[in-house]
Protein chains: 2
Amino acid sequence: MTEVPVARRKADTLYFQLAGEIAHAIASGVLQAGEKLPSIRKLSSQRQVSLSTVMEAYRELEDRALIEVRPQSGFYVRNKPSVLIAPELTQPPQSPSDVVIDPMWLPATLARLHDIKIDFGFAILAPALFPNQQLQRLLAQVTRQDPDLIADYGRPAGDVELRRQIARRALNWGGQFEADEILITQGAIEALNLCLRAVTQPGDVVAIESPSYFGLLQILESFQLKALEIPTHPQTGISIEALEFATRNGEVKACVLLPNFSNPLGSLMPDENKRRLVELLAERHIPLIEDDLYGEFYYKGERPRPAKAFDKEGNVMLISSFTKTVAPGFRIGWVVAGKYHQKIEQLKFINTFSNAMPLQRTIARFLESGGYDHHLRRLRRACHEQVGHAVAAIERAFPADTRLYVPQGGYVFWVELNAAVNTLQLLQQALKEGISFTPGSLFSPSHSYGHCLRICCNETWSNRHERAIERLGELIQLQIGQPLP
Amino acid sequence: MTEVPVARRKADTLYFQLAGEIAHAIASGVLQAGEKLPSIRKLSSQRQVSLSTVMEAYRELEDRALIEVRPQSGFYVRNKPSVLIAPELTQPPQSPSDVVIDPMWLPATLARLHDIKIDFGFAILAPALFPNQQLQRLLAQVTRQDPDLIADYGRPAGDVELRRQIARRALNWGGQFEADEILITQGAIEALNLCLRAVTQPGDVVAIESPSYFGLLQILESFQLKALEIPTHPQTGISIEALEFATRNGEVKACVLLPNFSNPLGSLMPDENKRRLVELLAERHIPLIEDDLYGEFYYKGERPRPAKAFDKEGNVMLISSFTKTVAPGFRIGWVVAGKYHQKIEQLKFINTFSNAMPLQRTIARFLESGGYDHHLRRLRRACHEQVGHAVAAIERAFPADTRLYVPQGGYVFWVELNAAVNTLQLLQQALKEGISFTPGSLFSPSHSYGHCLRICCNETWSNRHERAIERLGELIQLQIGQPLP
């Protein structure tokens, strides 16, 4: 990244660091909305810094709209930290498109071709967030106890111990499966391939959220499937009404959705919508492929139920993975495929035959040990904090007409900029300074969303991330010709 | 397995066990063709058994056509152990077929539905043949040194350390690749999927050996590709003349072959045929997908060169795997895809994203350590012995009109029976007695080879295997109505 002198100077000061700590406490919920902050005098003595340092820190936090002064009373955490406007239902084109994705703009390509210092593009959580030491010990134990696992082809359906653990965990949201109903796959992405191979023919139309994850679009492209983009709300997910209309004539052969914390929108479908969705598609004999990759990443309350919870007819193929939650390097996903189970087991057999047995068994032991829940709590907290910081930084640094919906789970969110902004161009400028994100057009087969972008929050927030967002804000403002604030 | 009284009695005698040991020594090459055996008196005193036991053992070995008496001289290992007729060039139908494989007869299905005691069906070597302890220690070491590998998504192309080792080993047969030209896949089977996805469209015609591995046929079926079966010789592989004729009109869009120790034939193409094959396909712009899964399994001499060795234009996609040779449970294959490299890397990205990093790194270290070559020598010897025993047993137990080509590598071979035999029916009878093999019709989209079968030799040979082959021989003879010998 080239020099960003203004931000650098600011970030190095004592007051800015103090403000950062308080912002962190707010983002992580240690300081709640409406809570009173210590007086300037008190904080100065607590932290052994000058009164003016505290005053400047509080002013900085006011600027960031994180705290407010109440006259004759003191400083308070703001009730509604977001000053940005929520985006509305998306409006994709109404007819199916062939899918053509330019691999040039994929995070993997960018990471190979550019020297990226701050990567908001790849949805890949930092290694430090995972229980690597624990898994290392379990893996050594599992293979020491049974070295023949290393020579074990396993079965296409996967290790029965792991499948039993997955079935056990599904009880958390009311899912009642037998181990035999679960198939292990090489990441969720293999499951997505197999499900689509099972229920579609080249040329078929598949209904998807708009915007949708580019990996899904690339799979559609490779199978010569057409995508029908359905209007989707950044808060509540796909529009059931629009889907109902789109599926009226039998043209749609399958539907692929992420009801829980979709990627890239971060949207969460209410249970009632999930129920209606499942009923509608069952009635119309359209299989639903549900990607629940981010379902465990809820910040508050209960784990949201997958749409599969409302499936009475085996019409929903529920996909998830341990790649996002436990061990990215193990590549273990799974699918409960209902009435498509047998077909998908056959496809697993011919696509990759099976997953590595030692890794499956290690995950099974980790789940059995109870270490998983403890780890998930930590991981959720970290993602919530990281997203909180990124959203707060964007609120400060991006123009006032930026639209953003703060997700209730996951670690990606969607930013809608002034319609005049071209985020492909923005990315090219940002890459020169070592900053990356994913441009909106990559999430739409009709190349809509040219003024949007996706932010992934993979790492513990730092001043470097803060500065990168500030710099993006500057580049956006330069593009739309607004004066810098 | 139900009782097989005659064989059981025989197998339990002392002379039969002695004969078994000598047969083993012949199969494994300890005793060479033409070598003189100890006199009856000498062996009797060496082994402390009666003269009549040695005589009966030698008679048994004579019956098996393994040794012969030379008058006034003694007993000698026979020069030409095979008494069976070599099969001829196969004669599949001349037009392409849609592929429909009944999963009912797949080894995986059979293993699930039946209580199989002796499995000649699954091509899965016994765990005892693999360096599991050594890999266990390396895996523990690799993940202890770098626990973050467990959280490392890796790159779609794979671990560069492993790719470097693969490139280094290719030098053994004159292959000169950069690490960057190699892509790691989830077993060879994923590579096969990706290569076909890269160069074909649904409805395209793909030229294959006849017979061909049923896994390949299932992949063709799932992609709605048509198969054109090309006449293939059990000794020298696909007929270049027939392929030349079949590809004259531009209908064939790709060709998938196993030039080295093909599955199921066990055939090995001579170098000159490989050269002609590569030239022909390059000239006609037909990509060659070469599956070299068994290339390391040669019994004698030098490692046979893959067809890729003759590829000047990057038109050959060379696939291989460590699944057969080192660690079935790690699921690590690879492909050198020439001019299709980039396309296949993109497909890997969307099919399974990447392989497990800890396992890739472990194999890389194993290759680096030199343990691989030592292990391969042991493995080849074991396969050679196992195949030798199975062939010898078939020679004794099967009818005289059985045709069989003894492979020069690998651990599977092909048996052509009297045209009156129905091997599907034979299998059903054998399964009732706990014996399994793969019926010939599974290896042909036109369901040719109903009188053939494939034998896989996965385990160290034992009396149980001997009896199973004897029993198969009895069942065959019952089917064709010949009297038992």
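Reading guide: rules and limits
- Residues numbered from 1 in each chain as written.
- Chains lettered and ligands numbered in written order.
- Predicted model: local features only at pLDDT ≥ 70, side-chain atom pairs only at ≥ 80, totals over all residues.
- Heavy atoms only, no water.
- UniProt positions renumbered as here; feature names shortened; annotations may be inferred.
- Domains from an automatic or database assignment.
- Axes fitted to C-alpha atoms, helices over the stretch in contact; angles between N-to-C directions.
- Helix = DSSP H or I, 4+ residues; strand = E, 2+ residues; numbered from the N terminus.
- Left-handed = near helix turned anticlockwise from the far one by under 90°.
- Contact = heavy atoms within 4.5 Å.
- Nonpolar A, V, L, I, M, F, W, Y, C, P; charged D, E, K, R; others polar.
- Buried < 20%, exposed > 50% of the residue type's maximum accessible area, 1.4 Å probe, protein only.
- Salt bridge = Lys/Arg side-chain N within 4 Å of Asp/Glu carboxyl O.
- Least-squares fit on C-alpha atoms with pLDDT ≥ 70 in both.
- Expected span 1.5 Å × (residues − 1).
- Pairing = 2+ DSSP bridges.
- Buried area = accessible area lost by both parts, 1.4 Å probe.
- Phe/Tyr/Trp six-rings, centres within 6.5 Å; stacked < 30°, edge-to-face > 60°.

The name an unreviewed UniProt entry gives chain A is Putative 8-amino-7-oxononanoate synthase, with Iodobacter fluviatilis as the organism. Taken from UniProt, the Sequence similarities (unreviewed entry) comment for chain A reads in full: "In the C-terminal section; belongs to the class-I pyridoxal-phosphate-dependent aminotransferase family."

Draft legend 1. Representation of the domain arrangement of chain A in the model. Along its sequence, chain A is carved into domain 1 (5-77), domain 2 (97-127 + 374-479) and domain 3 (152-371). On a C-alpha basis, the centroid separation for the pair domain 1 of chain A and domain 3 of chain A is 44 Å.

Draft legend 2. Local environment of the packing of helix 14 (residues 371-397) of chain A against helix 16 (residues 463-479) of chain A. Residue and element names in this part refer to chain A. For the pair helix 14 and helix 16, the least separation of the axes is 9 Å and the interaxial angle reads 35°. The element helix 14 and its partner helix 16 pack so that their crossing is right-handed. Residue-level inspection shows Ala-393, Ile-394, Arg-396 and Ala-397 of helix 14 in contact with helix 16, the latter providing Glu-466, Ile-469, Glu-470, Gly-473 and Gln-477. Grouping the constituent residues of the contact of helix 14 with helix 16 by class yields four nonpolar, two polar and three charged.

Draft legend 3. A look at helix 12 (residues 341-351) of chain A. Residues and elements named next belong to chain A. With eight of its 11 residues buried, helix 12 lies for the most part within the structure. Looking at helix 12, one finds that the buried residues are His-341, Ile-344, Glu-345, Leu-347, Lys-348, Phe-349, Ile-350 and Asn-351. Phe-353 sits one or two positions beyond helix 12 and adopts a positive phi of about 65°.

Draft legend 4. Region of the structure containing the pattern of salt bridges. Here the structure, examined in full by the defined rule, presents 50 salt bridges over all chains. The residue A:Asp373 makes a salt bridge to A:Arg169 at a minimum N-O spacing of 3.2 Å. Taken together, the positions of A:Asp373 in helix 14 and A:Arg169 in helix 7 (residues 160-170) put the pair 204 residues apart, joining distant regions of the chain. In this structure A:Asp373 comes out as partly exposed when scored by relative accessible area, which is 33%. A:Arg169 sits in the buried class, given a relative accessible area of 12%. Where B:Asp98 meets B:Lys226, a salt bridge forms, and the shortest distance between an N and an O atom there is 2.9 Å. On the criterion of sequence distance, the pair formed by B:Asp98 in the loop between strand 2 (74-77) and helix 5 (107-113) and B:Lys226 in strand 6 (residues 226-233) is long-range, its members being 128 residues apart.

Draft legend 5. Spatial organisation of the relation of the copies chain A and chain B. Superposing chain A onto chain B takes a rotation of 180° combined with a translation of 0.0 Å along the rotation axis, leaving an RMSD of 0.1 Å. Both copies of the chain, as the preceding transformation shows, are related through a two-fold rotation axis. Considering only C-alpha atoms, the part of chain A nearest the rotation axis is A:Ala140, at 2.6 Å. Most of the interface of chain A is mirrored in chain B, where 100% of its interface residues are also at the interface.

Draft legend 6. Representation of helix 13 (residues 357-369) of chain B within the structure. Residues and elements named next belong to chain B. Taking 1.5 Å of rise per residue, 13 residues should cover 18 Å, and helix 13 covers 18 Å from first to last C-alpha, within 8% of that figure. In terms of burial, helix 13 is largely enclosed, as 10 of its 13 residues are buried. Inspection of helix 13 places Met-357, Pro-358, Leu-359, Gln-360, Arg-361, Thr-362, Ile-363, Ala-364, Phe-366 and Leu-367 among the buried residues, and these make up the whole buried set. Gly-370, located one to two residues past helix 13, shows a positive phi value of around 85°.

Draft legend 7. Expanded view of the sheet that holds strand 9 (residues 288-291) of chain B. Residues and elements named next belong to chain B. Pairing is mixed across the open sheet formed by eight strands, whose spatial order is 4-11-10-9-8-5-6-7. Either end of the sheet is taken by a strand with one partner, and the two such strands are strand 4 (182-186) and strand 7 (237-238). Bridge count for strand 10 (residues 316-321) against strand 11 (residues 332-336) is four bridges, and the pairing is antiparallel. Bridge pairing links Ile-319 to Val-335 in strand 11. The strands touched by helix 8 (residues 187-199) within the sheet are strand 4, strand 5 (205-210), strand 8 (252-257), strand 9, strand 10 and strand 11, with strand 10 carrying the most contacts at an inclination of about 160°. Where helix 11 (residues 271-283) meets the sheet, it contacts strand 8, strand 9 and strand 10, and its direction lies at approximately 150° from that of strand 9.

Draft legend 8. Fine view of the interface of chain A and chain B. The interface is formed by 59 residues belonging to chain A together with 59 residues belonging to chain B. Between chain A and chain B, the buried area comes to about 4,800 Å², and carbon and sulfur atoms account for 62% of it. Viewed at the interface, chain B and chain A are joined by two salt bridges. In this structure, A:Arg112 engages B:Glu345 in a salt bridge whose closest nitrogen and oxygen atoms are separated by 3.6 Å. Mapped onto the side of chain A that touches chain B, the elements with two or more residues apiece are helix 5 (107-113), helix 6 (132-145), helix 8 (187-199), helix 9 (214-222), helix 12 and helix 13 (357-369) of chain A. Per-element tally for the side of chain A that touches chain B: the top contributor is helix 6 of chain A, with eight residues. Of the residues contributing to the side of chain A that touches chain B, the split by class is 31 nonpolar, 18 polar and 10 charged.

Draft legend 9. Highlighting the packing of aromatic side chains. All names here are of chain A. Across all of its chains, the model carries 30 aromatic pairs over all chains by this definition. With a centroid separation of 5.0 Å and 45° between ring planes, the pair formed by Tyr-213 and Phe-214 is classed as tilted. On the basis of relative accessibility, which here comes to 23%, the residue Tyr-213 falls in the partly exposed class. The class for Phe-214 is buried, based on a relative accessible area of 3%.

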